[in-house]
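A closer look at the structure
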Amino acid sequence: MSSVQLAAYDDGMIWSFGSMGFILVCAVLVIWPTIAVWRAKTVMSRESDYKSIAEKAVTAQQDMERELVEVRLQLNDMSDRVKTVERVLKDV
């Protein structure tokens, strides 16, 4: 091959690799933000799920606390009744 042919061959290779590099850089510039947005949406969805679970847990805890207060009141009432029955039995 002559030097002119080699120079043309080298220019073609430079353009080929340069074009591939440019396409690769453009693809990375498009794909990278897209992946970042997708990842952010996934994290937001997960956080939303955790928030919903936490809200349900708080509601369940509040319901349980109300029921515990009711049970405590009923237990105090039963205790008073038992004491009354004991007094009556002692008097008899």
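Above this text is the structure in question.
Definitions and limits used
Residues numbered from 1 in each chain as written. Predicted model: local features only at pLDDT ≥ 70, side-chain atom pairs only at ≥ 80, totals over all residues. Heavy atoms only, no water. Helix = DSSP H or I, 4+ residues; strand = E, 2+ residues; numbered from the N terminus. Buried < 20%, exposed > 50% of the residue type's maximum accessible area, 1.4 Å probe, protein only. Areas by Shrake-Rupley, 256 points an atom, 1.4 Å probe, with all protein chains shown as cover. Patch = residues over 30% accessible without salt bridge, like charges linked within 9 Å, V, L, I, M, F, W, Y side chains within 5 Å. Salt bridge = Lys/Arg side-chain N within 4 Å of Asp/Glu carboxyl O.

Re the overall build of the protein
Scanning the protein from terminus to terminus reveals one helix and zero strands. Counting all 92 residues of the protein, 0% fall into the buried class. Carbon and sulfur atoms make up 67% of the accessible area of the protein, which amounts to about 8,800 Å² in all.

Notes on a nonpolar patch on the surface
Among the surface-exposed residues, Val30, Ile31, Ile35 and Trp38 lie close enough to one another that they form a single nonpolar patch of about 430 Å² accessible area. Topologically, valine 30 is positioned in helix α1 (residues 3-91).

Comments concerning the pattern of salt bridges
Taken as a whole and judged by the stated rule, the model has two salt bridges. The salt bridge involving arginine 66 is made with aspartate 63; its shortest N-O contact spans 2.7 Å. In this pair, arginine 66 and aspartate 63 both sit in helix α1, three residues apart, roughly one turn of the helix. Of the charged contacts, one joins aspartate 77 and arginine 81 as a salt bridge, the two residues approaching to 3.4 Å between their closest N and O atoms. Of the two residues, aspartate 77 and arginine 81 both sit in helix α1, four residues apart, roughly one turn of that helix. The class of aspartate 77 is partly exposed, set by a relative accessible area of 37%.

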